[in-house]
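Fold and geometry: a report
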Amino acid sequence: MEAEEARTRRGLWFGRPCVHPEIEHQEVQGTWSGGYVCKLCGSEFSKISLWEGIYHFLQQEMDAVQVRETVELDRQLQSIEM
Ligand SMILES: [Zn+2]
């Protein structure tokens, strides 16, 4: 997506929250600028911030799995006590 179009999208998005479902190369006059943009909200990302985003996402997923396992373990322990 052209950087100009991303800027327009950001304007239309009004800073609302976005999960950035689709990220693509940010282009300047048809050439990849080295950055990325969200197709939906037009947010810009550098390669580093993109990796940080993925890292945080995975970390949240892993935390969620841990919570589920803890809950399951508690349930099993309780059933043993009964
Ligand atoms: Zn987005």
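Residue indices follow the written sequence of each chain, beginning from 1 at its first position. Side-chain atom pairs in this predicted model are given and counted only at pLDDT of 80 or more, local residue features only at pLDDT of at least 70, and totals for whole chains, interfaces and linings cover all residues.

The subject of this paragraph is the sheet that holds strand β1 (residues 23–28). In space, the 3 strands of this open sheet follow the order β1-β2-β3, with antiparallel pairing throughout. Single-partner strands in this sheet number two, and they are β1 and β3 (44–45). As judged from the 5 bridges shared by β1 and strand β2 (residues 31–38), these two strands associate in the antiparallel manner. Each residue of the ladder has a partner; that of V28, found in β2, is T31. Contacts here follow a simple rule: the backbone-placed C-beta atoms of the two residues must lie within 7 Å. The axes are straight lines fitted to the C-alpha atoms, using for helices just the contacting stretch, and the angles between their N-to-C directions are given from 0 to 180°. Helix and strand labels come from DSSP, where a helix needs a run of H or I of at least four residues and a strand needs a run of E of at least two; each type is numbered from the N terminus. Each of β1, β2 and β3 touches helix α1 (residues 3–13); the most contacted strand, β1, lies at about 120° to it. At least two bridges found by DSSP between two strands are what make those strands a pair.

Attention shifts here to the environment of K39. Here K39 lies in the loop between β2 and β3. In this structure K39 comes out as partly exposed when scored by C-beta crowding, with 15 C-beta atoms within 10 Å. Sequence-wise, K39 and Q26 are 13 residues apart; in three dimensions their C-alpha atoms are separated by 9.8 Å. Residues in contact with K39, not counting those within four places in the same chain, are M1, E22 and E24. Partly exposed residues are those whose C-beta has more than 12 but fewer than 20 other C-beta atoms within 10 Å; with 20 or more the residue is buried, with 12 or fewer it is exposed, and the C-beta atoms are placed from the backbone.

Attention shifts here to the pairing of β2. From the end of β1 to the start of β2, which pair antiparallel, there are 2 residues, and Q29 there has a positive phi angle of about 50°. Across 2 bridges, β2 lies against β3 in antiparallel orientation. Bridge pairing in β3 links Y36 to F45. Between β2 and β3, which pair antiparallel and follow one another directly, the connecting turn spans 5 residues, one of which, G42, has a positive phi of 80°.

Predicted confidence across the chain gives a mean pLDDT of 87, with 98% of residues reaching 70 or more. Each residue carries a pLDDT value, the predictor's own confidence for that position, ranging from 0 to 100. Across the chain, element-level confidence peaks in α1 with a mean pLDDT of 95 and bottoms out in helix α2 (residues 47–81) with 81.

Turning our attention to unusual backbone geometry. A negative phi holds for most residues other than glycine; trans holds for most peptide bonds. Here F14, not a glycine, exhibits a phi torsion of approximately 55°, which is positive. Position of F14 relative to the elements: it lies in the loop between α1 and β1. Even without glycine at this site, H20 takes up a positive phi of about 50°. Look at H20 and you get partly exposed, because 17 C-beta atoms sit within 10 Å.

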